[in-house]
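Analysis of the macromolecular model
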Amino acid sequence: QVQLVESGGGLVQVGGSLRLSCAASGRTFSSYNMGWFRQAPGKEREFVARISWTGDITYYADFVQGRFTISRDNAKNTVYLQMNNLKPEDTAVYYCNAVVQGAPVLRPWGQGTQVIVSS
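Residues numbered from 1 in each chain as written. Predicted model: local features only at pLDDT ≥ 70, side-chain atom pairs only at ≥ 80, totals over all residues. Heavy atoms only, no water.

To continue, consider the environment of Tyr 59. Considering the arrangement of structural elements, one finds Tyr 59 in strand 6 (residues 58-60). A sequence separation of eleven residues divides Tyr 59 from Ile 70, and the C-alpha atoms of the two residues are 8.6 Å apart. Residue contacts for Tyr 59: discarding those within four places in its chain leaves Phe 47, Val 48, Ala 49 and Arg 50. (Helix = DSSP H or I, 4+ residues; strand = E, 2+ residues; numbered from the N terminus. Contact = heavy atoms within 4.5 Å.)

See the structure below:
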């Protein structure tokens, strides 16, 4: 079973950058496609980005608009989300999860990492 710990969130001004990390335990991490999701206050959790287990195929939600980059280091059992040009609407708790056919599959979710973008 894979367990996930997200980190790297914080308070940042509009236009700033953050790099989120998701550390995974378990031997099977490198065989999973991985994704980032987020949940803003009062809203449903939504998809942000995903990356193939090989790291060479990525896919992003439309609202990312070239601002975020997902990557992974299988040797470190870690997936990253580099976020640039942050906007107030990016404020949310960010989570990572393994994905199968685009859907998150691991339960329970990690604790997430809070991102607050101030204007």
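Past the structure itself, the notes keep going.
With that settled, consider the environment of Ser 52. Structurally, Ser 52 is set in the loop between strand 5 (46-51) and strand 6. Between the C-alpha atoms of Ser 52 and Gly 26, which are 26 residues apart in sequence, the distance is 17 Å. At 3.1 Å, the side chain of Ser 52 forms a polar contact with the side chain of Asp 56. (Polar contact = N/O pair within 3.5 Å; in protein donor to acceptor, adjacent residues only side chain to side chain.)

Of all seven residues that make up strand 4 (residues 33-39), five are buried, and the element is covered over most of its length. The sheet contact formed by strand 4 and strand 9 (residues 92-100) spans seven bridges and is antiparallel. Following the sheet pairing, Met 34 is matched in strand 9 by Ala 98. Alignment of strand 4 against strand 5, held across five bridges, turns out to be antiparallel. Note on strand 5: the bridge partner recorded for Arg 38 is Glu 46. Between strand 4 and strand 5, which pair antiparallel in sequence order, lie six residues; one of them, Gly 42, sits at a positive phi of approximately 75°. (Buried < 20%, exposed > 50% of the residue type's maximum accessible area, 1.4 Å probe, protein only. Pairing = 2+ DSSP bridges.)

Turning our attention to the packing of aromatic side chains. Taken as a whole, this structure holds four aromatic pairs when the rule is applied. Centre to centre, the rings of Phe 37 and Phe 47 are 6.0 Å apart; their planes meet at 70°, and the pair counts as edge-to-face. Taken together, the residues span a long stretch of sequence, with Phe 37 in strand 4 and Phe 47 in strand 5 at a distance of ten residues. The exposure classification of Phe 37 matches that of Phe 47, with both residues buried. Through a chain of ring-to-ring contacts, the aromatic side chains of Phe 37, Phe 47, Tyr 59, Tyr 95 and Trp 109 assemble into a single cluster. Here the basic side chain of Arg 45 rests over the ring of Trp 109, its NZ or CZ set 3.7 Å away from the ring centre. For Arg 72, the ring lying beneath its charged end belongs to Phe 29, and the centroid distance is 4.7 Å. (Phe/Tyr/Trp six-rings, centres within 6.5 Å; stacked < 30°, edge-to-face > 60°. Lys NZ or Arg CZ within 6 Å of the ring centre and 35° of its normal.)

Everything listed is a geometric property; what it means functionally is a separate question.
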